[in-house]
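The residues making up each chain are set out below.
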Amino acid sequence: MAFVFDPPARPTLPVRGTPDLFPVHRVYCVGRNYAEHAIEMGHDPDKEPPFFFQKNPDNLLVGKDFPYPPASEDVHFELEMVAALKEGGTNIAVDDALNYVFGYAVALDMTRRDLQGVAKDLRRPWEVGKAFEHSAPCSEVVPASDIGHPAAGAIWLEINGERRQEGDLNQMIWKIPEMISYLSGLFTLVPGDIILTGTPSGVGPVKKGDHLHGEVEQVGTLDLKVV
Ligand code: MN
């Protein structure tokens, strides 16, 4: 038996300090997980609990510049910390959830905000706004065995040297163990699943030529240009 054509390569992320690769399964993203960002998007963080959507694993972009996507004139940056799972399961207890985490990374949840806005207005799904090619630029993964499980620390983004997003991991409405536990009640989590854990306030548009520099204290940096 053979494949009827060559299957696409499995998406992977490099692991810091090693020649090894983290094989990616699903890419979960949480919405509105920092209160200030929920407010800037016109929502009340006290009334609306966070919720999840997905990007496609092959939307990850590693070590390359971000090509401005088609069909949009309002592409936004959202800098986020990533939790990368080494174990899966269902109904994972909050107290046990960090044992499922292999490590952490820094990613951008790039968003075609105009198309997302149309989808919201028409009560359609968000894929056209969120799950497009190269929409998830991501750094290497740093193992939790090296840095522990950061629950606090600065998260920020500069564009062309100007600070645009700034927050602290301790401002997450839903903490990482709570997200893992909640997701595992909805889906069967699998080793290789990654979770983009939400963005602080300050999101905005990019244009070709912009240089984006994102950083999460202890976790790493992400540098790229919009081309
Ligand atoms: Mn996001």
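Calculation criteria
Residues numbered from 1 in each chain as written. Predicted model: local features only at pLDDT ≥ 70, side-chain atom pairs only at ≥ 80, totals over all residues. Heavy atoms only, no water. Buried < 20%, exposed > 50% of the residue type's maximum accessible area, 1.4 Å probe, protein only. Helix = DSSP H or I, 4+ residues; strand = E, 2+ residues; numbered from the N terminus. Arc of directions from axis to C-beta. Contact = heavy atoms within 4.5 Å. Donors = N, O, S within 2.8 Å, 3.2 Å for Na, K, Ca; no water. Salt bridge = Lys/Arg side-chain N within 4 Å of Asp/Glu carboxyl O. Pairing = 2+ DSSP bridges. Axes fitted to C-alpha atoms, helices over the stretch in contact; angles between N-to-C directions. Core = buried A, V, L, I, M, F, W, Y, C linked by side-chain atoms within 4.5 Å. Polar contact = N/O pair within 3.5 Å; in protein donor to acceptor, adjacent residues only side chain to side chain.

Colleague: Any details on helix α2 (residues 113-121)? Residues and values, ideally.
Modeller: Within the span of α2, buried status applies to Arg113, Gln116 and Ala119. For α2, the buried positions fall inside an angular range of 120° around the axis, keeping them on one side. Residues of α2 that are buried make contact with β6 (75-77), β9 (111-112) and α3 (127-130). Where α2 terminates, the next one or two residues include arginine 123, which has phi positive at roughly 55°.

Colleague: Residues and numbers for the coordination of the manganese ion, please.
Modeller: Every protein donor of the manganese ion is accounted for by Glu78 (OE), Glu80 (OE) and Asp109 (OD), and the metal-donor separations fall at 2.0 to 2.1 Å. In the primary sequence, the donor residues of the manganese ion line up as E-x1-E-x28-D. Placement of the pair is glutamate 78 in the loop between β6 and β7 (79-85) and aspartate 109 in the loop between β8 (101-108) and β9, with a sequence separation of 31 residues.

Colleague: A description of the pattern of salt bridges should follow, citing residues and the corresponding values.
Modeller: The tally for this structure, following the rule as stated, stands at 8 salt bridges. Across the pair glutamate 166 and arginine 163 runs a salt bridge, and its minimum N-O distance is 2.9 Å. Here the salt bridges do not stand alone but share partners, grouping Lys55, Glu78, Asp109, Arg113 and Lys130 into one network.

Colleague: Got a sec to walk through the environment of glycine 148? Specific residues and values, please.
Modeller: One can find glycine 148 in the loop between α4 (144-147) and β12 (154-159). Here glycine 148 falls in the partly exposed class, since its relative accessible area comes to 24%. Taking the C-alpha atoms as reference, glycine 148 lies 9.4 Å from glutamine 218; in sequence the two are 70 residues apart.

Colleague: Describe the sheet that holds strand β16 (residues 211-216), listing the residues and the values that go with them.
Modeller: Taken together, the 4 strands give an open sheet; going across it, the order is β13-β12-β16-β17, and neighbouring strands pair in antiparallel fashion. Sheet topology places β13 (162-168) and β17 (220-225) at the edges, where each strand pairs with a single neighbour. Strand-to-strand twist in this sheet, taken as the mean axis angle between neighbours without regard to direction, amounts to 10°. With 5 bridges joining them, β12 and β16 adopt antiparallel strand pairing. Residue pairing for β16: leucine 157 is matched across the bridge by glycine 214.

Colleague: Break down the nonpolar core for me, with residues and values.
Modeller: One finds Tyr104, Leu108, Ile180 and Leu212 to be the most contacted residues of the largest nonpolar core, which totals 43 residues. Excluding residues within four positions of it along the chain, isoleucine 180 makes contact with Leu85, Ile92, Ala97, Val101, Leu189 and Ile195. Core analysis: the next-biggest nonpolar cluster, separate from the first, contains 19 residues, Val15, Val24, Val82 and Trp126 among them.

Colleague: Help me get a handle on the side chain of glutamate 78, residues and values and all.
Modeller: Judged by its relative accessible area of 5%, glutamate 78 falls in the buried class. Within the local environment of glutamate 78, its side chain forms a polar contact with the side chain of lysine 130, the two groups lying 3.4 Å apart. Excluding anything up to four places from it in sequence, glutamate 78 contacts His37, Ala107, Leu108, Asp109, Thr111, Arg113, Lys130, Gln165, Thr199 and Val203.

Colleague: Explain the sheet that holds strand β4 (residues 51-55) to me, using residue names and the numbers behind them.
Modeller: Reading across from one edge, β4-β3-β14-β7-β8-β11 is the order of the 6 strands in this open sheet, with mixed pairing throughout. Edge strands, defined here as strands with exactly one partner in the open sheet, are β4 and β11 (142-143). Where β7 lies against β8, 7 bridges are found, and the strand directions are antiparallel. Directly across from methionine 81, in β8, lies its bridge partner valine 106.

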